Amino acid sequence: MQKSLFYWLKQLEAWTGIAFIKQSINQQGYLSLACLVALLMLELPAEAQSNRIVQGKVESETGIPLAGVTVLLKDSKIGATTDISGNYKLSISGKTSILVFSHVGFISQEIRVSDQTKLDVILKTDSKALDEVVVVGYGSQNRKDVTGAVATISSENFNQGAITNPLQQIAGRAAGVNVTQIGSEPGSGPSVRIRGITSLVGGNDPLVVVDGIQGNMDLLNQVPPSEIASIDVLKDASATAIYGSRGAPGVIIVSTKKNKSGKSSVEYSATFSVDRVAKQLEVLSADEWWQQAQANGVPAAANHGSNTDWFNILSRTGSTQNHTLSFGGGTQNFNYRASLTAILQNGIVVNSNNQKYIGRIQATQKALNDRLTLTMNLNSGINNTLGSPGSIGRAAFTSNLITNSYLMRPTDPVFNTDGKYYTDPNVFEYFNPYAISQTVVNEGRNNSLFGSLKTDLEVIDNLTLGWFGSWRKTDNNWGYYLPAVSTVAYAINNKGVANISNNRQDEKLMNISLNYKKVFGDHSINALAIYEWQNQTYQGNFTQAKGFINDIATYNALQLGDLSRVQPGDFSSYKNDRTLVSFLGRINYSYLSRYLLTVSFRKDGSSVFGDNNKWGSFPSVALAWQIDQEPFMQNQKTFNQLKLRGGYGVTGNQQGLFPQNSLSLVGAAGVTYFGGNPITNFNITQNVNKDLRWETRKQYNVGLDFAVLDSRLSGSLDAFTATTDNLLFNYTVPQPPFPFGTIMANVGSIRNQGIEASLAYQVIKSKNTSFTLAGNVSLLANKVMNLNGSINGVPLNTDYIPWGPNSYLIAGKPIGTFSILQHSGKNENRAETVVDVNGDGVIDQGNRSPDRVLSGNALPTHTYAFTPTLKHKNLDVSMVWRGSGGNKIYNGLRQTLSMMENTGKANLLKSAVPLDLYTTQYGSNLWLENGAFLRFENLSIGYSFHPLKLKSIEALRVSVTGSNLAIFTKYSGIDPELNVSGGNGFGGDNGIYPRTRSFAVGLNVIFK
């Protein structure tokens, strides 16, 4: 094709570096005579006679396609930008040229190209850069272009040690993301709350997305922690609204590791830890107990002469192993990564362990001249658990096995003289916890399989058509056998109890997307439109039998039980499903790379809602201003980055809704005998609610990102207000007009307001050494705004609801506010006395008692973390200090172990002796304690041997890690991190599986 004169002038400008074209064009648009003469006098290089196309793909070191990479012909304005799949295409002239690849957060590369037309590039992460690629809903952005509140934690910043769940890797790493580990039972994972409690029964767990596959928190248990490249947490509604009716509690996006294009890799990583009990309660020894027993009139028959440390015989030194072998390879058009992982835990309570095995493979294929990209993920897991019995105990106290060991009298033997397990018939519902640990079978097996396929086709330049499909299946089987020999009264009376529980999930997701991305001079636009369909099917059954003549088959032969003992509730089954259909879109717009706008909208239709509210709309808008890019900031040397963000969005929550919650249901209600034959009665078991809908969370967020002192000091500050309306709750209603006494309805609202700050300062920044002090803090104010309303014209006045031990939902107060009687001492009989607040001579213990006093709340008002790191040559050291405060805990376990009246049948805490309280009939603030703590969470020291002069090993790293090394708190219980999720047990301590202190060694080997 013949080139115009103007084209060759542009080429001259590029070759000579002389910007004469602008000066050579007159107002009529014609070339000046001088310019034309100059052109004719020059001999054009031969290279200028033809053009060619250079194309390829740009990825990160972990194999993630990089969108938005600038590809520029050096010393020219000819360039291109990579699309969402990391692909680029550039038209250049000449046989030899230099291409410059640059991207925020990565080290720029200059590559000389000769006559090749295919060039794939891997950009290395720039550890000094402020910005990185952030994975947001259904795509990714440069950190500098993000308008919402998003926290990104990359693998190099993960917490280390014997990690068994991905959430443990990010504890303390992000402001407003509270990761809580309640005990250390094998197979159990932490809970996470993003910006506080957002719902009462609607669910507070964030949505989890793993490589595009959406799921609940269980999905994290199916991902090997060592195979995760980064975790992005979407916190505000402007970021989470793209997930519509599932995004209110926040979103956790997990990106797994990918193989580098054209390179083979084999890597092995392992950790081994020794786990010990971090703290145990101090109870009386055998001599101390007998001394107190005599002082309290306990007969000598209660002393059986033994000296048994029940906690010691029920606990042990635990261990955790984590092994991962990964390998990958491929060419420029195809690459894959596969891994095998084993996570093996032996708990610190005898006969409790968990074995998890995960296999995964990820592969990417390119075709149609790189215009088509196919990405496949396949993950399979097996999880075997031997659990310590959970809810056991005497009538007045129910807890886990190890907690019950504190109650055991130290003078009781483990065995009788005949070798059988010891029991005391004089104590009501007495049981031997060691007998339970040795005879009860409580084991589970979980099989999981999930996979996905993603296709991206560049239909025309800048327009990509995508299809994504995923399928997730889980099969969970639990078997339980409680034999009579366990010494539990219920098992003795029924001659053994066995049951089997099966639960299966089948989740499918499919979406079709169009993505358009283009730069128009000073304007940049990225538009996304998606249609999405999701279906979840749940099915299960429960079967129980009693009356076994022996214990040989345990739960594996229920037919051996006594069929005459079958009762209603001994068998059941269910099957239900839910479907969600969505239409969503998002536009990211940038002007001059300084003014950023993000607008999103999602419309969800869900089968679980009432007939009158099947559809919901969830919009969001966010703005950002790159202040440091303004012309008036060019000459200043203070700020290296300064960005102001603001956003508003609406999200929904349907977690707490079961598929049939909006319908009127009928169930069995006893048996009537007619003509000598039993006839099952049926009653209404659930009220209809055609107006049932999702909860709605409206959130405002304003934030500031900054970097100063040559980017050595950087941080962010966010302030937000989030109000959840249409709260889902199971409200009490009158009968009549309602046929059933409760109804699931949308009434009331709660509000969370907070401030979050993150800060990092590079104290030392040199070639061989870097020392960074980093940390974050979150302040949170929670309030129940309203719990009153009406349904079908019937008022619902529920502004004062019990919500845990002596904690309540009270309008105008935080969730879990303690309203409690005030301890005043003890009387002459050593019985506890409390304050008669209203002076009427009567101590009222009702929920609305005037003698109750508001005394703090169960939710922490602030959380914080301190995460310093040191790197010197091949040595690296990192620490995590984490804490919270502003909350109180009702220590019910201390109350149970402090009553002298129990001396004859149970042990006591040593602190009970000076207290000398014989009995109490109250739950008072005597047992209410400060829940603040500071935990030395993690210390890791590693050394990398790189490079190595070995033929088979490219790099090797060894590490030593200590976890839960120390805790500073005034709380007298085992651990102050307890249930802060709401509901049963909220803010109370009735005993937990002990928290461990672990010491781990790690090894990572990369083979050539």
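Residues numbered from 1 in each chain as written. Predicted model: local features only at pLDDT ≥ 70, side-chain atom pairs only at ≥ 80, totals over all residues. Heavy atoms only, no water.

A.B. asks: Explain the packing of aromatic side chains here, please?
C.D. replies: Geometry of an aromatic ring pair is reported as the spacing of the ring centres plus the angle between the planes. This structure, assessed with the given rule, holds 22 aromatic pairs. Judged by centre distance (5.4 Å) and plane angle (25 degrees), the rings of Phe311 and Tyr406 are stacked. Taken as a pair, Phe311 in helix H6 (residues 310-314) and Tyr406 in the loop between helix H7 (401-404) and helix H8 (433-439) lie far apart in primary sequence, 95 residues in all. Taken individually, Phe311 and Tyr406 each receive the classification buried, so the pair is uniform in this respect. Geometrically, the ring pair formed by Tyr943 and Phe945 is edge-to-face, given 4.9 Å between the ring centres and 70 degrees between the ring planes. Chaining the aromatic ring pairs together yields one cluster made of Phe415, Tyr421 and Tyr434. (Phe/Tyr/Trp six-rings, centres within 6.5 Å; stacked < 30°, edge-to-face > 60°. Helix = DSSP H or I, 4+ residues; strand = E, 2+ residues; numbered from the N terminus. Buried < 20%, exposed > 50% of the residue type's maximum accessible area, 1.4 Å probe, protein only.)

A.B. asks: Could you clarify how one ought to interpret the environment of Ile402 in this entry?
C.D. replies: Residue position: Ile402 is located in helix H7. In this structure, the C-alpha to C-alpha distance between Ile402 and Val223, residues 179 residues apart in sequence, is 30 Å. Residues contacting Ile402, with those up to four places away along its chain left out, are Phe311, Leu314, Ser315, Val349, Ile992, Tyr993 and Pro994. (Contact = heavy atoms within 4.5 Å.)

A.B. asks: Help me understand the sheet that holds strand S10 (residues 150-154), please; the structure alone is not making it clear to me.
C.D. replies: Backbone-to-backbone hydrogen bonds pair the strands of a sheet. The strands run either parallel or antiparallel. Reading across from one edge, S10-S15-S16-S13-S14 is the order of the five strands in this open sheet, with mixed pairing throughout. The outermost strands of the open sheet, each flanked by one partner alone, are S10 and strand S14 (213-215). With direction set aside, neighbouring strand axes in the sheet form an average angle of 20 degrees. With five bridges connecting them, S10 and strand S15 (residues 228-234) associate as antiparallel partners. Residue Ser154 lies in a different strand from S15, and its bridge partner there is Ser230. (Pairing = 2+ DSSP bridges. Axes fitted to C-alpha atoms, helices over the stretch in contact; angles between N-to-C directions.)

A.B. asks: So what exactly am I meant to see when it comes to the pattern of salt bridges here?
C.D. replies: Two side chains that carry opposite charge are able to pair once their charged atoms sit near each other. Using the criterion set out here, one finds 38 salt bridges in the structure. Its salt-bridge partner being Asp604, residue Arg602 comes within 2.8 Å of it at the nearest N-O pair. Accessibility classification places Arg602 together with Asp604 in one group, the buried group. Residues joined by salt bridges that share partners form a network here, namely Arg882, Arg935, Glu937, Asp975, Glu977 and Arg995. (Salt bridge = Lys/Arg side-chain N within 4 Å of Asp/Glu carboxyl O.)

A.B. asks: What is the right way to look at the sheet that holds strand S1 (residues 51-60) in this model?
C.D. replies: Pairing is mixed across the open sheet formed by three strands, whose spatial order is S4-S1-S7. Looking along the sheet, the strands with just one partner apiece sit at the ends: strand S4 (87-93) and strand S7 (121-123). Direction aside, the axes of adjacent strands within the sheet are offset by 35 degrees on average. Bridge analysis of S1 against S4 gives seven bridges, and the strand direction is antiparallel. Looking at S4, one finds that Val54 is bridged to Leu90.

A.B. asks: Can you help me understand a nonpolar patch on the surface in this one?
C.D. replies: A cluster of nonpolar residues, Ile361, Leu374, Met376, Leu378, Leu449, Leu453, Val459, Ile460, Leu465, Trp467, Ile512 and Leu514, forms a patch on the protein surface that exposes about 920 Å² of accessible area. Mapped by element, the contributors of at least two residues to the nonpolar patch are strand S21 (372-386), strand S22 (441-460), strand S23 (463-482) and strand S24 (497-520). Ranked by residue count, the leading element in the nonpolar patch is S22, at four residues. For Leu374, a relative accessible area of 30% puts it in the partly exposed group. (Patch = residues over 30% accessible without salt bridge, like charges linked within 9 Å, V, L, I, M, F, W, Y side chains within 5 Å. Areas by Shrake-Rupley, 256 points an atom, 1.4 Å probe, with all protein chains shown as cover.)

A.B. asks: What's the story with the pairing of strand S2 (residues 70-73) in this structure? I'm lost.
C.D. replies: In summary, the side chains of a regular strand alternate between the two faces of the sheet. Only one face of S2 is buried, namely the one carrying Val71 and Leu73, since none of Thr70 and Leu72 on the opposite face is buried. Relative to strand S3 (residues 79-81), S2 is paired through three bridges, and the arrangement is antiparallel. Its bridge partner being in S3, Leu72 is matched across the sheet by Gly79. With four bridges joining them, S2 and strand S5 (residues 97-102) adopt antiparallel strand pairing. When the sheet's bridge partners are listed, Leu73 is paired in S5 with Leu99.

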